[in-house]
Amino acid sequence: MQTYSGNIIDVIAQRIFKGEITVENGKITSVIEKEDVSNCYIAPGLIDAHIHIESSMLIPSDFAREAVKHGTVATVSDPHEIANVLGIEGVKFMIQNAQKTPFKFFFGAPSCVPATGFETSGGIIGIQETKELLAMPEISYLSEMMNYPGVVYNDPIVMQKIALAKQYGKPIDGHAPALSGDNLQKYASAGISTDHECMTLDEALEKIALGMTIQIREGSAAKNFDSLFPLIKQYPDKVMFCSDDKHPQDLLQGHINLLIRRALQKGCDLLTILRACTYNPVKHYHLKVGLLQQGDDADFIIFDNPQDFNIQKTFIKGELIGENGKSYIPFINEKPVNNFNTQKICPEDLAVRAETAKIKVIEIIPGELMTHAGTYPAKIKDNKVVSDLENDILKMMVLNRYQTAKPAIAFIKNIGLKQGAFASTIAHDCHNIICVGTNDDDMVSAVNALIDCKGGISVSLQNKAEILPLPFAGLMANEDAYTLAKQYQQLEAQVKNMGSVLQSPFMTLSFMALLVIPQLKLSDKGLFDGAAFTYTSLFVK
């Protein structure tokens, strides 16, 4: 039996009082008011309400080791990324590895694998697989329904998956960037209960009016906290915090605790903020995470004060698993799982014969996943379209990693690269090989380095490639976060030294194949217009 005293934060009764909690056999056996206590604060453990663990490049057990340092005790995790590579076996790998730690991972059944029929994935989660997953007690919800046109237009497969989630009594997560009006109303009325893609306050307010809960996202690429934080005061019961995608170097700096600090600095009430990342996700997803009530699992944090919000201790089921920046979760060695089968490419594979003098160009919007569709004069050399460094229009390619095929080619603006190329097998959603470069030779070098090691991220300059291998599905490594972040940052720094102006070049590149986020993207099958939801020609007549 252990006792802990301080200022106890009761997120259910919405009050803070001096008191003492008693923990026995992983449960809170008593919560009493008591005057003579320490000055620290005791609160429920923090929850990330929507994250793809794969984006940290760490397998779940390694992610947990880092996250607990920041007060996180649980995540609502969508294994969509590994499912696109390995199908249902990828989801089961995540569950099995996660169960080797005390950390509370709540996985979803990926709803859109593949997300569209306009790209090649390594796995498929169909009706039968969805039913198998939803029947599992380890699966807590139906993951983000990215195929919002399928909902709006009653796609039979999409609607069957939604019906299965309702049959099993499990919530349905949303993904509906910029959707509004009648289409949004139909989307919400289908039973889809959340959205993490809001970029403006007006968009979030429209969705809240239809009964949806907004996950305020602040990740490594998409950052929406500053636009959406007023919701914390206006609609405290309709918000949760999430990171969606969190790269390893950012996870070292903090997790949900950083959003709490920022909300406090903006004058938000401590109790309201903590409810958003404890009570709200627990109730929405029916999570088995304690909320500092008698009989609950002893999942809680101790922090110094509401001004600094420094996490001192993290407990899960009464076990001290994090303390003053240290993690007590042990390292777990796992055998890699993967799906990789393609042949090397040569410069001739990247040649683009000029059909007209103008081309459509993917325009990156810094800090957003959405892109613009631009039209620019093509730079033509020897009747072939090449990268235009002067106007920051670079060649980009996506190569099918699951079978040998010709690469799809497009052009992209606002990367800023002045030399070399960089590539990755982290390419949402199907995780084919994506590459951008100033010249074909370096693009070939970067891509072939990834093919040699069957997945990772790479940088090539003057035909010399450096690589960070990711042997788990080409998405993750079995490393501690510090080691992985150091390797990752070295490659990222090299990309920036080569001229890139992006804050997170690899993360941003990974979303340039994400067809369900408008407007112009590239799949392994061709250039895609996300607004019209169909392929489009590179050339403008």
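Predicted model, so just to flag it, every value in this text is computed and none were measured.

What counts and how
Residues numbered from 1 in each chain as written. Predicted model: local features only at pLDDT ≥ 70, side-chain atom pairs only at ≥ 80, totals over all residues. Heavy atoms only, no water. Helix = DSSP H or I, 4+ residues; strand = E, 2+ residues; numbered from the N terminus. Expected span 1.5 Å × (residues − 1). Buried < 20%, exposed > 50% of the residue type's maximum accessible area, 1.4 Å probe, protein only. Contact = heavy atoms within 4.5 Å. Polar contact = N/O pair within 3.5 Å; in protein donor to acceptor, adjacent residues only side chain to side chain. Pairing = 2+ DSSP bridges. Axes fitted to C-alpha atoms, helices over the stretch in contact; angles between N-to-C directions. Lys, Arg positive; Asp, Glu negative; His and termini not counted. Salt bridge = Lys/Arg side-chain N within 4 Å of Asp/Glu carboxyl O. Core = buried A, V, L, I, M, F, W, Y, C linked by side-chain atoms within 4.5 Å.

Student: Account for helix α15 (residues 440–453), with residues named and values stated.
Tutor: Three or four residues apart is the spacing at which side chains of an α-helix point the same way, because the helix has 3.6 residues per turn. Taking 1.5 Å of rise per residue, 14 residues should cover 20 Å, and α15 covers 20 Å from first to last C-alpha, within 8% of that figure. Summarising burial for α15: 10 of the 14 residues are buried, a large majority. Where α15 is buried, its residues meet β21 (393–399), β23 (421–424), β24 (433–437), β25 (456–461) and β26 (464–469). Between a side-chain oxygen at the N-terminus of α15 and the backbone nitrogen of D441 the separation is 3.2 Å; the capping residue is N439. One or two positions beyond α15, positive phi appears at K454, with a value near 60 degrees.

Student: Outline the sheet that holds strand β9 (residues 172–174), supporting the account with residue identities and numerical values.
Tutor: The 5 strands lie next to each other as β5-β6-β7-β8-β9, forming an open sheet whose pairing is parallel. Each of the sheet's edge strands pairs with one partner strand only, and the pair in question is β5 (46–51) and β9. Across the sheet, the mean angle from the axis of one strand to that of its neighbour is 25 degrees, orientation sign disregarded. Of the strand pairs in this sheet, β5 and strand β6 (residues 72–77) are connected by 4 bridges, and their pairing is parallel. Across the sheet, the residue bridging to L46 is T72, located in β6. Helix α12 (residues 256–265) rests against β5 and β6 of the sheet, and its axis sits at about 105 degrees to β5.

Student: Go over the side chain of K161 with me, naming the residues and quoting the values.
Tutor: Tracing the backbone shows K161 in helix α6 (residues 156–167). Although K161 is buried, it forms no salt bridge, and the closest oppositely charged side chain is E129 at an N-O distance of 7.4 Å. Not counting residues within four places of it along the chain, the set of residues in contact with K161 comprises S111, I125, G126, I127, T130 and L142.

Student: If you had to explain the nonpolar core to someone new, which residues and values would you point to?
Tutor: Within the largest apolar cluster, 176 residues are counted, with the highest numbers of intra-cluster contacts made by Y187, F241, I260 and L274. For F241, the contacting residues outside a window of four places in its chain are I47, D48, A49, I216, I232, I256, L259, I260, I273, A276 and C277. V23, I28, L292 and F315 belong to the second largest nonpolar core, which has 13 residues in total.

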